[in-house]
Amino acid sequence: MAALTSVTPHSSTSSLHPKFHSTHFGVYFNSTNETSNNLKQVRFSSRRLSLDSISSSGLRIRAAATKPAKSPAEEEWKIKREVLLQKKVRSVDVKEALRLQKENNFVILDVRPEAEFKEGHPPGAINVQIYRLIKEWTAWDIARRAAFAFFGIFSGTEENPEFIQFVESKLDKSSKIIVACSSGGTMRPSQSLPEGQQSRSLIAAYLLVLNGYTNVFHLEGGLYTWFKEGLPEEADV
């Protein structure tokens, strides 16, 4: 599953396959195959996006849509990273996170999809998914679904517009929070990643500090490492 954060189709024509002309059509994926969770960008030249047959069942879609204004979650990673560093968002490894949870009343905020959370999560963790399955059927949503389908992804996701609202219903602004996703990402520079690597948990941390949360930590290594290290987990069955 992947998180679609930007698609810019302009108009549509009729064809058996998508056709791309001048200007460009951009699709940005926040990979949720979270061993790497790279932010990936795929660009094509396009003025027109014609979306007809996207499955063997013969489903035909024709849509013209204008991309909504960019949301804070879609801001460039470089800008997000600068804000996270300015707000002193600290990364902690899984063992320190467990200690902080037990000894200092930190809450683990798991931002993975609900289905993944139910399969396994740290005891006491709270789940508020930062991305959700695309729900609406406007022309824009149809275009985004079709863009996912073009890459063989038939369960496209979108930013959860109620993320902050749900967090605020569970945690007040002074809560001690460790934000977690599968891979974790990193703010640490390296030779191959001079600006670190974005992830769902770092996007969520960015949104939290923008909305007044003052004690936000980030789980480096993510829940993949938590489970690999054999730390406590529970499932909702």
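Below, the structure is looked at part by part. Source: prediction; values computed, not measured.

Our focus in this paragraph is the overall build of the protein chain. Broken down by element type, the protein chain carries seven helices and ten strands. Burial statistics for the protein chain: of 237 residues in total, 49% are counted as buried. Considering only intrachain contacts with a sequence separation of at least 6, the fraction spanning at least 24 residues in the protein chain is 72%. For the protein chain, the accessible surface area stands at approximately 11,900 Å², while carbon and sulfur atoms represent 51% of it.

A word on the pairing of strand β5 (residues 107–110). Burial of β5 is two-sided: the residues Val107 and Leu109 facing one way and the residues Ile108 and Asp110 facing the other way are all buried. Alignment of β5 against strand β9 (residues 177–180), held across four bridges, turns out to be parallel. Pairing of leucine 109 across the sheet is with valine 179, part of β9. Bridging between β5 and strand β6 (residues 126–127) involves two bridges; their strand directions are parallel. Note on β6: the bridge partner recorded for leucine 109 is isoleucine 126. This β-α-β element, β5 to helix α3 (residues 114–119) to β6, shows right-handed connectivity.

So, on to the pattern of salt bridges. Counted by the stated rule, this structure contains seven salt bridges. Taking the shortest distance from any N to any O, the salt bridge between glutamate 103 and arginine 99 comes out at 3.5 Å. One end of the pair is glutamate 103 and the other is arginine 99, both in helix α2 (residues 94–103) and four residues apart, which spans about a single turn. Assessed through its relative accessible area of 56%, glutamate 103 is described here as exposed.

With that settled, consider α2. Inspection of α2 places Val94, Ala97, Leu98, Leu100 and Gln101 among the buried residues, and these make up the whole buried set. Angular distribution of buried residues about the axis of α2 spans 165°; they occupy a single face of the element. In α2, the exposed residues that point more than 90 degrees away from the buried face are Lys95, Lys102 and Glu103. Here the buried face of α2 lies against β4 (90–92), β5, β9, β10 (216–219) and α7 (222–228). Its side-chain oxygen placed 3.2 Å from the backbone nitrogen of lysine 95, aspartate 93 serves as the N-cap of α2. Phi for asparagine 105, located one or two positions after α2, is positive at around 60°.

Moving on to the side chain of asparagine 127. One can find asparagine 127 in strand β6. A relative accessible area of 17% places asparagine 127 in the buried class. In this structure the side chain of asparagine 127 is engaged in a polar contact, spanning 2.8 Å, whose partner is the backbone oxygen of aspartate 110. At 3.0 Å, the side chain of asparagine 127 forms a polar contact with the backbone oxygen of arginine 112. In contact with asparagine 127, other than residues within four places in its own chain, are Asp110, Val111, Arg112, Pro113, Glu114, Phe117 and Lys170.

Attention now moves to the packing of aromatic side chains. Following the criterion strictly, the structure yields one aromatic pair and no others. Ring geometry for phenylalanine 106 and phenylalanine 217: centres 4.9 Å apart, planes at 55°, overall tilted. Taken as a pair, phenylalanine 106 in the loop between α2 and β5 and phenylalanine 217 in strand β10 lie far apart in primary sequence, 111 residues in all. Judged by relative accessible area, which is 10%, phenylalanine 106 ranks as buried. Relative accessible area serves as the criterion here: at 15%, phenylalanine 217 is assigned to the buried category.

Analysis parameters
Every chain is numbered independently, its residues counted from 1 as its sequence is written. This being a predicted model, a pLDDT of at least 70 is required before a residue's local features are given, and a value of 80 or more before pairs of side-chain atoms are given or counted; all residues contribute to the totals for chains, interfaces and linings. Where side-chain values are given, they derive from all heavy atoms of the structure, hydrogens and water being excluded. Numbering goes from the N terminus for both helices and strands, where a helix is a DSSP run of H or I of at least four residues and a strand is a run of E of at least two. Relative accessibility under 20% of the residue-type maximum defines a buried residue, over 50% an exposed one, and the middle range a partly exposed one, all with a 1.4 Å probe and only protein chains included. In this description, contact between two residues means that some pair of their heavy atoms is separated by no more than 4.5 Å. Note on areas: these come from Shrake-Rupley sampling with a 1.4 Å probe, and a residue is covered only by the protein chains present in the view. Whether two strands pair depends on DSSP finding at least two bridges between them. Note on handedness: a crossover is taken as right-handed if, strands pointing away from the viewer, the path from the first strand over the helix to the second is clockwise. We define a salt bridge as a contact between a side-chain nitrogen of Lys or Arg and a carboxyl oxygen of Asp or Glu at a distance within 4 Å. In this description, one arc is meant: the one made by directions from the helix axis to the C-beta atoms. Think of a polar contact as two N or O atoms within 3.5 Å of one another; within protein, one of them needs to be a possible hydrogen donor and the other a possible acceptor, and neighboring residues in sequence only count if both atoms come from side chains. Centre distance within 6.5 Å is the pairing criterion for rings of Phe, Tyr and Trp, where only the six-membered ring of Trp is used; planes under 30 degrees apart are then read as stacked, over 60 as edge-to-face, and the remainder as tilted.

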